[in-house]
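Fold and contact review
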Amino acid sequence: MTMHQDQTIQPEIEKFGRQIFDLIKAYGGEHRWPAGNNFYARLMDWAMRDPVFKTQMFRFVDVLPTLTTSDDVVKHMVEYLSDVKSAASSALRTALTVARLFPLIPAHLIRRNVRSMANIFICGDSGESALPNLQRLWSEGARFTVDILGEAVVSDSEADGFAAKYIDLLKLLTDATRSWKPEGRLAAGEPPLVNLSVKISALSARIQATDPCSSVERILRHLERIVDRAFQMGAAINLDMEHYALKGLTLELFKVLTKRFEPEVSQRLGFVVQAYLRDSYSDTEEMLRWARREGRQVTIRLVKGAYWDFEKVVATQKTWKIPVFLSKPETDANYERISRLLLENRSVVYPAFASHNVRTISHAAVYAKRLGLEPGAYEFQMLYGMATPIRRAFVKLGYRVREYCPIGELLPGMSYLVRRLLENTSNEGFLRATFSDKQSAASLLVDPASQLSTHQAVESTHPAQPAAKLRSPRRETQTCFINEPPADFTLASERSSMERALTAVRGKLGLAYPLVLGGEEIFGAEQLVSVNPARPKQVIGRVAVGTPKDVAKAVAAARKAFLPWSDTSVAWRTDLLDRLADQMHAARHELSAWEVFEVGKTWSEADADVVEAIDFCRYYADQMRRIGNGHPTQNLPGEVSIESYIARGVAAIIAPWNFPLAILCGMTTAALVTGNTVVIKPAEQSSVIGAIFMKLLREAGFPDGVANLLSGTGESVGSLLVAHPDVDLVAFTGSREVGTLIWAMAAVTHRDQINLKKVICEMGGKNAVIIDEDADLDEAVLGIIHSAFAYQGQKCSALSRLITVGDVGRRLIPRLTDAVAALKIGLPEQPDTNIGPVIDQTAFDKVQRYVELGKREHHLACQYDVPKELEGYYIAPTIFTEVEPRSSLAQEEIFGPVLAVLATQDLSTSLEIANDTAFALTGGIYSRSLKNIARIRRDFRVGNLYINRPITGAIVGRHPFGGFKMSGGGTKAGGRDYLLNFLFPRVVTENTLRHGFAPETETLGARIA
Ligand SMILES: Cc1cc2nc3c(=O)[nH]c(=O)nc-3n(C[C@H](O)[C@H](O)[C@H](O)COP(=O)(O)OP(=O)(O)OC[C@H]3O[C@@H](n4cnc5c(N)ncnc54)[C@H](O)[C@@H]3O)c2cc1C
């Protein structure tokens, strides 16, 4: 196979490319384009000149279809565009003034213009209305592939609807094109005229990275039927490629699907390769090998990729390696390498080069000619409305060109429209360079490989390494905090490693765990039996229960260790935290597996908890390095004042079961790194994880007595510990009931007590999300489900009150309840489970009581059945509507998968209701009104407010977490100030003036340490 570009080809590409440019000119392509749509042309012009206008305008276009009244249209237009200061501003000012005065006129005009703009890129709002355009394409010598635009699929019924639409469309197109007969020299090898492009995300509501096998099966249920019908009608099907998380699954699906049909027809099945992906070359090689092995010919559409910004953002947020190339020439050069690979393997692949870049497609045409391939042996593809003059040029030269024709209504098609607008105005895009920036032909036809740096050239010829993998343990050179990446379960290696961990942990169930007091392991007389909430007969472990004597012993051990420990250096303590993080990193899947069994977390939820625990260690280590050595207060001559911190003493750590490792680890490491010693009391329900954490602490090197494990119940050892006069600090996370009790107990001062007890107290929430009238419901539905039902709603941050504004509930609730039906209730150890059990019988009974109350007092919108074979503490996600703001369901913390929906007329009432509880932890809004978002930012009084995203899943360092009112004392775990709660501040002031001589202040800096 030819790997590198033969340099002698460049002159030929330039010659061919110039010919194309001449033809483009002949087809009117030198004018501002597309001609005949003034509104679009002006919009693009402004957008290219002003990035602020571009963002605001595209956001406005995005929300427009959901706006029902003219007032709404004008209100949003004013909000989005009135602050724009650009070339557009004078025209805009006039438009906005008119709009305010006469809303009907501009609203009507805007809708009409945006609709006509959408018509440039969307072929029709239905199959029927698209037919004349398809017919026109055909008469101009081009072919088509049709795609159905749609809302995100969030329920099985929506997936069914999509599948039915595809099948109807197949029939319509087959009937309509029966008389179309290809002619000329391309006719011989003509692929089917009817060609559908299918997005797999439209065919299942539940595509789960953790379980590609059952995702593939679910998608196949629809896809096989579509392909069957397509083949009966002689049509072809292409699987579009979406975001990176779906890549492996799409390729796997393609293989499985292809094998279900005879080899003769498999060329009618195609998939897409995105050249912007670093691993696309090796993927293509692998797929070609597979096709050869299977004796099949397949169709491959080669594109650069449509989700470049998205992939970069997602990977950056998750601290994964970015899967796309970061410079445009790398993508272009990779596209050309893959083009050559496809053409060289023509015997097993029918290549479709999808691009509007004249250089990119000229390269493919010229290279094909060199290989002796006729123009009919491959094809070019372009997007409908994006490159008409280029399409015409290639048709004129006798090439087969297919246009990708989206069909759909304006509302579902809006995100497609916005993507096209962005593409046309992208700084690095070929279309902008050609039609707007008017770059020279020579610069547009330059070889992208010649623009690569040496490093990029090497990288792009060896791009086969997996794009995302776990970050290796912290290195010495790493100076600032970076979040631990969550596991990427789209990678087979991650999934099998999690499976292995589950097997390993299964083999360790039922062991006994001791108390650890002053380094001594005590198995004791009494044991606490921890069971799997999904199968209560399965014992996870037996943990020794502390007695009142053990409480005294634990506190004494911690007290004895305190002074030596608090005297150790900051460097030593922070290193120990890093070591602990490294250990957890190494054992992370096994730790997740323990959570799956002991507390009923699904794979992703368990992984998130372990990741957070690792983050806490590294983050608090970093923070302690920042504050641990104190700082000068003011820079004055003749005096040095240093503010520094000392540890408080013995800390009691009383942790909950719902984040059994993260919260336990966070509170413990914060106490330890600041120089306190600790007595740890994990929750009864997660006491095995508590014991495993203790083992990790010891292995990391925390000395005997510095950390002590005192398992047992809250009522016995917990309260004795809090009341103990020698405990200086209590770090508690849990219920309001226990939290307020601890607060009161800690206020009692004993005669021989050294310090006033400090309580760091984080409690629950009754968290609300407001859904505004203009919310993006695709995002809102998924966000609500995750916030309310992930980990069965057993997070203090979980959503329990959904507040709808105006008419939005009518559109939202049916989609929401259908989407809930698609969730799988099952064993958490199974990778495709969404909903596991609640933690124990007590929780089950309590949640059940609220469900019964809800049924009596409100309207039950949905509660699906729990599969009969499940014997654990399962409660299906339940949604009640018509809930009154002051009802128990709307005021009391349920801590389970129960969601109360409250309808309101306007945002002000929503806000009033949202704030009207005893709690103030998390909250959120889905809205596209800038004014409403600004109001919510100011007036929704909670500790963590989230806008247009789920309200759970705070990330250490990024979203310091904690609330006020009855949600907590105002401390922020994972935030910059958190460690100060574990410390006493002190200031040492020294007069440095000696008989009128004051040393330079800088020389005294050394005293700080
Ligand atoms: C018929 C057809 C079908 C398509 N189907 C799919 C599909 O299934 N899945 C899909 O993802 N896309 C698909 N696309 C969209 C396609 O990916 C975009 O239209 C394409 O990216 C534009 O590329 P170009 O060669 O026309 O333009 P160019 O302007 O040459 O390239 C633009 C592309 O370069 C890449 N890029 C931009 N900036 C950078 C940078 N700084 N570093 C690295 N790379 C960069 C991006 O991929 C960007 O889209 C399809 C396109 C066509 C024509």
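Report follows, based on the coordinates. Since this is a predicted model, take the numbers as computed values, not measurements.

So, how was this worked out
Each chain carries its own residue numbering, running from 1 in the direction its sequence is written. Local features are withheld for residues below a pLDDT of 70 in this predicted model, meaning they are given only at 70 or higher, and side-chain atom pairs are given and counted only at 80 or more; totals for whole chains, interfaces and linings count all residues. In computing side-chain values, all of the structure's heavy atoms are included and hydrogens and water are not. For helices the rule is a DSSP run of H or I covering at least 4 residues; for strands it is a run of E covering at least 2, with both sets numbered from the N terminus onward. The size measure is the radius of gyration over C-alpha atoms, and the globule rule it meets is 2.2 Å times the number of residues to the 0.38 power. Each residue is assigned to one of three classes by its accessible area relative to the maximum for its type, calculated with a 1.4 Å probe on protein chains only: buried under 20%, partly exposed between the two thresholds, exposed over 50%. Two residues form a contact once any of their heavy atoms are found within 4.5 Å. Shrake-Rupley sampling with a 1.4 Å probe provides the accessible areas, and residues are treated as covered by the protein chains on show and by no other component. The positive count covers Lys and Arg only, the negative count covers Asp and Glu only, and His and the chain ends enter neither. Every charge is mapped to an atom, namely NZ of Lys, CZ of Arg, CG of Asp or CD of Glu. Note on definitions: the grid is 1 Å and covers protein atoms alone; a cavity is a set of points where a 1.4 Å probe fits but cannot get out; a pocket is an open set with protein on both sides within 12 Å along at least five of seven lines; lining residues have an atom within 4 Å of a point. Grid points are joined across faces, edges and corners, and a volume is the space filled by probe spheres set on the points. In the scheme used here, Gly and all other residues not listed as nonpolar or charged are polar, with Ala, Val, Leu, Ile, Met, Phe, Trp, Tyr, Cys and Pro taken as nonpolar and Asp, Glu, Lys and Arg as charged. Strands are labelled as partners when DSSP assigns at least two bridges between them. Here the axes come from fitting lines to C-alpha atoms, over the contacting stretch only for helices, and the angles between their N-to-C directions go from 0 to 180 degrees. By this rule, a helix spans an expected 1.5 Å times one less than how many residues it contains. Proximity is defined per residue: any heavy atom of the residue falling within 4 Å of a molecule or strand makes that residue near it. Counting of polar contacts relies on pairs of N or O atoms within 3.5 Å, with two restrictions inside protein: one atom must be capable of donating a hydrogen and the other of accepting it, and residues adjacent in sequence are counted only when both atoms are side-chain atoms. Pairs were defined over the aromatic rings of Phe, Tyr and Trp, the Trp ring being its six-membered one, requiring ring centres within 6.5 Å. Orientation was assigned from the angle between planes: stacked under 30 degrees, edge-to-face over 60, tilted for the rest. Look at NZ for Lys and CZ for Arg. If either is within 6 Å of the ring centre and within 35 degrees of the ring normal, a charge sits over the ring. Note on terminology: angles under 35 degrees are roughly parallel, angles over 145 are roughly antiparallel, angles of 65 to 115 are roughly perpendicular, and the others are oblique. Note on convention: near helix rotated counterclockwise from far helix by under a right angle means a left-handed crossing. Clockwise means right-handed. In these notes, a set of buried Ala, Val, Leu, Ile, Met, Phe, Trp, Tyr and Cys residues joined through side-chain atoms within 4.5 Å is what counts as a nonpolar core.

Take the overall build of the protein chain next. Helix and strand counts for the protein chain stand at 34 helices and 30 strands. Over its C-alpha trace the protein chain gives a radius of gyration of 32 Å, about what one expects of a compact globule, namely 30 Å for 1009 residues. C-alpha atoms of the protein chain, sized along the principal axes, occupy 100 × 80 × 70 Å. Here the protein chain holds 1009 residues, and the buried ones make up 59% of them. Sequence separation of 24 or more characterises 78% of the internal contacts of the protein chain that already satisfy a separation of 6 or more. Per element, the accessible surface of the protein chain, about 39,600 Å² overall, is 54% carbon and sulfur. Taking the average place of the 116 positive charges on the side chains of the protein chain and the average place of its 115 negative ones, the gap between the two points comes to 3 Å.

The method is simple in principle: a probe with the dimensions of a water molecule rolls over the atoms, and the space it marks as empty is what remains. Roughly 1,200 Å³ of volume is contained in the second largest pocket. Contributing to the lining of the second largest pocket are 37 residues, with W657, G734, S735, E737 and V738 lying nearest its centre. Of all elements in the fold, only α27 (714-723), β19 (729-733), α28 (736-747) and α31 (841-857) reach the threshold of two or more residues within the lining of the second largest pocket. If you tally residues by element for the lining of the second largest pocket, the top one is α28, at 6 residues. Classifying every residue of the lining of the second largest pocket gives 18 nonpolar, 10 polar and 9 charged.

Reading across from one edge, β9-β13-β12 is the order of the 3 strands in this open sheet, with mixed pairing throughout. Strand pairing shows two members of the sheet lacking a second neighbour, β9 (511-513) and β12 (527-532), which therefore form its edges. When the angles between neighbouring strand axes are averaged without regard to direction, this sheet yields 35°. Where β9 meets strand β13 (residues 535-544), 3 bridges bridge the pair, whose relative direction is parallel.

A few words on helix α7 (residues 127-139). Here α7 spans 18 Å end to end across 13 residues, near enough to the 18 Å set by a 1.5 Å rise per residue. When we look at burial in α7, the residues that qualify are G127, A130, L131, L134, L137 and W138. For α7, the secondary structure elements touched by its buried residues are β1 (143-148), α8 (156-177), α15 (388-396) and β8 (401-407). The first or second residue beyond α7 is G141, which carries a positive phi of 90°.

Near the ligand lie 29 residues; those nearest to it are G305, T331, S355, E423 and F430. One of the side-chain nitrogen or oxygen atoms of Q274 is found 2.8 Å away from an oxygen atom of the ligand. Surface burial for the ligand is 93%, taken as the share of its 940 Å² of free accessible area covered by protein chains. Examining the composition of the shell around the ligand, we find that 3 residues originate from one element, strand β7 (residues 379-383), more than from any other.

Moving on, we come to the environment of M77. With respect to the helices and strands, M77 occurs in helix α4 (residues 70-81). With a relative accessible area of 6%, M77 lands in the buried category. Sequence separation between M77 and K758 is 681 residues; the distance between their C-alpha atoms is 52 Å.

The next thing to look at is the side chain of Q208. With respect to the helices and strands, the residue Q208 is situated in the loop between β2 (195-198) and α9 (212-232). In contact with Q208, not counting residues within four places along its chain, are S215, R218, P831, D832, T833 and N834.

Another point: the packing of aromatic side chains. Per the counting criterion, the structure on display carries 25 aromatic pairs. Their ring planes at 75° and their centres at 5.2 Å tell us that F481 and Y619 sit as a pair that is edge-to-face. Of this pair, F481 sits in the loop between α19 (454-461) and α20 (492-506) while Y619 sits in helix α24 (residues 603-627), and the two are 138 residues apart along the sequence. The same class applies to F481 as to Y619, namely buried. In this structure an aromatic cluster arises from ring pairing among F16, F353, Y378, F380, F394 and Y399. Taking NZ or CZ as reference, R268 lies 5.3 Å from the ring centre of F231, over its face.

Across the interface, helix α22 (residues 570-586) lies against helix α26 (residues 687-700) with an axial gap of 9 Å and an inter-helix angle of 125°. Relative to α26, the element α22 lies oblique. Between α22 and α26 lies a crossing whose hand is right-handed. Where α22 approaches α26, its residues L576, R579, L580, Q583 and M584 are matched on the opposing element by F693, L696, L697, E699 and A700.

The strand order across the open sheet formed by 7 strands is β23-β24-β25-β22-β21-β27-β28, and the pairing between neighbours is mixed. Two strands close off the open sheet at either side, each with one partner strand: β23 (859-863) and β28 (944-947). Across the sheet, the mean angle from the axis of one strand to that of its neighbour is 20°, orientation sign disregarded. When strand β21 (residues 767-771) meets strand β22 (residues 799-805), the two strands line up parallel, connected through 5 bridges. Residue pairing in the sheet places A768 in a bridge with R801 of β22. Strand contacts of helix α30 (residues 808-821): β21, β22, β23, β24 (878-881) and β25 (898-904), with the helix running at about 145° to β22, the strand carrying the most contacts.

Moving on, we get to the environment of T299. Its location among the elements puts T299 in strand β5 (residues 298-303). Polar side-chain contacts of T299 include one of 2.7 Å to the backbone oxygen of Q267.

For the rest of this paragraph, the subject is the pairing of β24. Two faces, one strand: in a regular strand the side chains alternate between the faces of the sheet. Side chains T878 and F880 of β24 all project onto a buried face; the interleaved residues I879 and T881 project onto the opposite face, where all are buried too. Note that β23 and β24 share 4 bridges and pair antiparallel. When the bridges of β24 are listed, C862 appears paired with I879. In the sheet, β24 pairs with β25 via 3 bridges, with the strands oriented parallel. Its bridge partner lying in β25, F880 is registered against A900.

By the element assignment, T881 lies in strand β24. Dropping the residues within four chain positions of it, T881 is found in contact with I813, H858, H859, A861 and V901.

If you look at soluble globular proteins, the nonpolar side chains tend to sit buried side by side. Formed by 141 residues in total, the largest nonpolar core has its most connected members in F353, F380, I390 and F394. Once you skip the residues sitting within four places of it in the chain, F353 turns out to touch L302, Y335, S339, L342, L343, I361, A364, Y378, E379, F380 and Q381.

Per the stated rule, a full pass over the model turns up 6 cavities of 30 Å³ or more. Each pocket or cavity is described by its volume, and for the second largest cavity that value is around 100 Å³. Lining the second largest cavity are 14 residues, and of these G793, A798, S800, I894 and F895 sit closest to its centre. Here the residues of the lining of the second largest cavity sort into 5 nonpolar, 5 polar and 4 charged.

On to the packing of helix α11 (residues 280-294) against helix α13 (residues 328-344). Two elements in contact, α11 and α13, have axes separated by 10 Å at closest approach and are oriented at 10°. Between α11 and α13, the angle is such that the two are roughly parallel. Contacts between α11 and α13 involve S280, Y281, T284, E285 and L288 from the first element and N334, R337, I338, L341 and L342 from the second. Of the residues in the contact of α11 with α13, the class split is 5 nonpolar, 3 polar and 2 charged.

Attention now goes to helix α14 (residues 358-370). In this model, α14 (13 residues) spans 18 Å end to end at C-alpha, consistent with the 18 Å of a helix rising 1.5 Å per residue. In terms of residue burial, α14 counts as a mostly covered element, since 11 of its 13 residues are buried. Looking only at α14, the buried set comprises V358, R359, T360, I361, S362, H363, A364, A365, V366, Y367 and A368. One or two residues past the end of α14 sits G372, with phi positive at roughly 80°.

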